[in-house]
Amino acid sequence: MKFIRLDLLTLLISLFIFGSCKNQNDIGLPTDGQQVDGTLMVYDDIVVKTDTDNVSVASGTAGYSSGIANSALSSVNDNLLGPTESYVATGLNLPGSVAYTVPTGTITTDSVVMELRYTNGFYGDSLNTKYKLNVYKLTEKLFPTQNYFSNKSFTFDNSVFFNDPSKTFNARPGTAIKTFHILKGVKDTLRNVVPQLRIPLANSFASTYLFNAPAAALASNTAFQSALNGLYLKLDRAAASQAGGSLMFNLDSSRVNIYYRTLNAGVTDTAMVSMPFATHAVNVKPRYVSPANTTYPATVKSAIESTGSNNLFYLQGLNGLRAKVTFPNLKTMFGAGVDINKVAINRAELVITTLAGSDLPPFVAQPLITFYMLDITRQRARVPDANAVLSSSGVSPLDARFFSAAAFGGNYLSTNREYHFTLTGYIQDLLKGRITDYGAYIGITDGVSRASGVVDIAPTVQTAGRVVAVGSDKSSPYRIKLNVIYTKNN
């Protein structure tokens, strides 16, 4: 049979002629309109198993500019996956990251404001949930040469609040605001600034750690960070029943701003000094430690602990959950006795469908997921259809069967509630024995590398989305399936 992507009418006619499919998406057509020859098979002998995905570097590379692009503060009450909490630990730099000289004259602190700059990736409820942020003093120091994993917990003094924890706010990650721009010696001006969360801190913070601090603590950035250690940020919902969410911030551009006045020889002037965030890391509260220590609901816990395939499987960001995929009888998919060396896979497409109703606000389906395999060392590796890296000259394919990250797939198609992956090369190599199946996984991805044209496979805490999808439930027309167009050579 031949399948040619011409228009919707041709596709619908093909469905009636080739009644082997239950809906139009059973046919894996190429995305570029090219002709695909062969026989269509809808293969569903697939084992899919929910697994934990809870180890990741959360703090980026070494150096004072370290830190990931999206740092999550989370307080989530998900109706299907239960609670998720994530916290931020961050150091502070002196102004200019050098020794600080206290201004002359009489100093009066007007306000201290922690400025957290939003970035892309908010997930959850921005309409009905009221949030609270608690700012504590760290009792351990973060080191710029240290990579911190997302399961690293930090010690802090929960009796020392740098802010009023009773104040609430709504998440507004896409709304710019106006603030006063403090100008020395001239009139201050009002200006627009990027979306940010502004948390008032106690004025005593400025006097204790800057204006009235011991000279030794201000003699260098290192001395200052040893005196303060840093800040520990914890997000809460104003009411436990609220859905909550994960707020994403760019901590590399976040800071504590101190607004103050100086009185010198009868002249008063306003000024502002900024203390940029230093080394920072995200800590995600473990959601599954053991069968006796988990925050997941019973349905999710059962999927994790099951020894067989899941009828429903779960993917979750912030290093929560992924799903292992195996094709146990792939070499007999064309029938017993068929020489697989005489079978050519012209196209293979994995189709994943979300559970109806699981993608509704505020917890919509993750916009992008990924598929990867494990190599002989059990490290993540790209499948042949996704095997390209970013080089100085752009995207460099390492396998001729890589066309583009977009052609590989993984984007959510909300109209049909589906994700599609092109796995032609991967399935062909499994059949021919060119690669060994050490495990393959579907997981959450943040899309950072995708923007550059390559496929993301690394574990990430930079996205908080989730997916609830139909697994190997043979009674469901939406079960996970592999659409294969093949040719047998005599």
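First, a word on scope: everything that follows refers to the structure included in this document. (Residues numbered from 1 in each chain as written. Predicted model: local features only at pLDDT ≥ 70, side-chain atom pairs only at ≥ 80, totals over all residues. Heavy atoms only, no water.)

For the rest of this paragraph, the subject is the overall build of the protein. A count of helical and extended segments in the protein gives six helices and 30 strands. Expressed as a percentage of its 490 residues, the buried residues of the protein come to 51%. Long-range pairs, those at least 24 residues apart, make up 78% of the contacts in the protein with a sequence separation of at least 6. (Helix = DSSP H or I, 4+ residues; strand = E, 2+ residues; numbered from the N terminus. Buried < 20%, exposed > 50% of the residue type's maximum accessible area, 1.4 Å probe, protein only. Contact = heavy atoms within 4.5 Å.)

Okay, empty space enclosed by the protein next. Scanning all chains against the criterion turns up three cavities of 30 Å³ or more. Estimated volume of the largest cavity: approximately 70 Å³. As for the largest cavity, its lining consists of Val-76, Asp-78, Thr-84, Tyr-123, Ser-246, Arg-287, Gln-316, Gly-317, Leu-318, Phe-363, Ala-464 and Arg-466. Looking at side-chain class alone, the lining of the largest cavity contains five nonpolar, four polar and three charged residues. Here the second largest cavity defines a volume of roughly 60 Å³. If you go around the second largest cavity, you meet ten residues; those closest to its centre are Gly-91, Leu-142, Gln-225, Asn-229 and Ala-278. Elements with a contribution of two residues or more to the lining of the second largest cavity: strand 6 (82-92) and strand 16 (267-284). Classifying every residue of the lining of the second largest cavity by side-chain character gives five nonpolar, four polar and one charged. (1 Å grid on protein atoms, 1.4 Å probe; cavity = no way out; pocket = protein on both sides within 12 Å on 5 of 7 lines; lining within 4 Å. Points joined across faces, edges and corners; volume = space filled by probe spheres on them. Nonpolar A, V, L, I, M, F, W, Y, C, P; charged D, E, K, R; others polar.)

The final tally for this structure, using the stated rule, is 18 aromatic pairs. With 5.3 Å between their ring centres and 45 degrees between their planes, Phe-205 and Tyr-209 make a pair best called tilted. Residue Phe-205 and its partner Tyr-209 are both found in helix 2 (residues 204-211); the two are separated by four residues, about one turn of the helix. With respect to burial, Phe-205 and Tyr-209 carry one shared label: buried. Connected via pairs of aromatic rings, a cluster forms that spans Tyr-87, Tyr-136, Phe-156, Phe-161 and Tyr-232. (Phe/Tyr/Trp six-rings, centres within 6.5 Å; stacked < 30°, edge-to-face > 60°.)

This brings us to unusual backbone geometry. Between Pro-361 and Pro-362 the backbone carries a cis peptide bond, its omega angle lying at 5 degrees. Among the structural elements, Pro-362 can be located in the loop between strand 21 (343-353) and strand 22 (369-374). The phi dihedral of Asn-229 falls on the positive side, at around 70 degrees, and the residue is not glycine. Within the secondary structure, Asn-229 is located in the loop between helix 3 (221-228) and strand 14 (231-237). Positive phi is not limited to glycine here, since Leu-318 has a value of about 55 degrees. Inspection of the secondary structure assignment puts Leu-318 in the loop between strand 19 (312-316) and strand 20 (321-326). Residue classification places Leu-318 among the buried positions, given a relative accessible area of 2%.

The next thing to look at is the environment of Tyr-486. Considering the arrangement of structural elements, one finds Tyr-486 in strand 30 (residues 481-488). On the basis of relative accessible area, Tyr-486 is assigned to the buried category, the value being 12%. Separated by 140 residues in sequence, Tyr-486 and Asn-346 place their C-alpha atoms 5.2 Å apart. With residues up to four places along the chain from it excluded, the contact list for Tyr-486 reads Gly-38, Thr-39, Met-41, Phe-334, Val-343, Ala-344, Ile-345 and Asn-346.

Before going further, it helps to examine the pairing of strand 5 (residues 71-78). Burial analysis of strand 5 places seven of its eight residues in the buried class, the great majority of the element. One ladder, built from six bridges, connects strand 5 with strand 15 (residues 244-264); its direction is antiparallel. Looking at strand 15, one finds that Leu-73 is bridged to Leu-247. In terms of strand pairing, strand 5 meets strand 6 through five bridges, oriented antiparallel. Bridge pairing links Ser-75 to Glu-85 in strand 6. In this antiparallel pair of consecutive strands, strand 5 and strand 6, the connection spans three residues. (Pairing = 2+ DSSP bridges.)

Further remarks concern the nonpolar core. One finds Met-114, Leu-116, Leu-133, Phe-205 and Val-256 to be the most contacted residues of the largest nonpolar core, which totals 52 residues. By residue number, the principal contributor to this core is strand 15, which donates seven residues. The residues touching Leu-133, leaving out its near neighbours within four places in the chain, are Leu-73, Met-114, Leu-116, Asn-163, Pro-165, Phe-169, Leu-197, Ile-199, Leu-233, Lys-234 and Leu-235. Formed by 50 residues, the second largest nonpolar core is a distinct cluster that contains Met-41, Tyr-419, Ile-442 and Val-484. (Core = buried A, V, L, I, M, F, W, Y, C linked by side-chain atoms within 4.5 Å.)

Let us look at the side chain of Lys-234. Along the chain, Lys-234 falls in strand 14. In this structure the side chain of Lys-234 is engaged in a polar contact, spanning 2.8 Å, whose partner is the side chain of Asp-236. Residues contacting Lys-234, with those up to four places away along its chain left out, are Leu-73, Tyr-87, Lys-132, Leu-133, Asn-134 and Tyr-136. (Polar contact = N/O pair within 3.5 Å; in protein donor to acceptor, adjacent residues only side chain to side chain.)

Counted under the stated rule, the structure contains 15 salt bridges. Between Arg-322 and Asp-51 there is a salt bridge; the shortest N-O distance is 3.9 Å. Taken as a pair, Arg-322 in strand 20 and Asp-51 in strand 4 (residues 47-52) lie far apart in primary sequence, 271 residues in all. Its relative accessible area of 15% is what places Arg-322 among the buried residues. As a salt-bridge pair, Asp-429 and Arg-434 come within 3.1 Å of each other at their nearest N and O atoms. It is possible to trace a salt-bridge network through shared partners that takes in Glu-115, Arg-117, Arg-198 and Arg-255. (Salt bridge = Lys/Arg side-chain N within 4 Å of Asp/Glu carboxyl O.)

Each strand in a sheet pairs with its neighbour through backbone hydrogen bonds, running either in the same direction (parallel) or in the opposite one (antiparallel). Taken in spatial order, the five strands of this open sheet run 3-30-21-27-26, and their pairing is antiparallel. The outermost strands of the open sheet, each flanked by one partner alone, are strand 3 (39-43) and strand 26 (409-413). Ignoring strand direction, the axes of neighbouring strands in this sheet form an average angle of 20 degrees. Together, strand 21, strand 27 (418-422) and strand 30 form the strand contacts of helix 6 (residues 424-432), whose direction differs from that of strand 21 by roughly 120 degrees. (Axes fitted to C-alpha atoms, helices over the stretch in contact; angles between N-to-C directions.)

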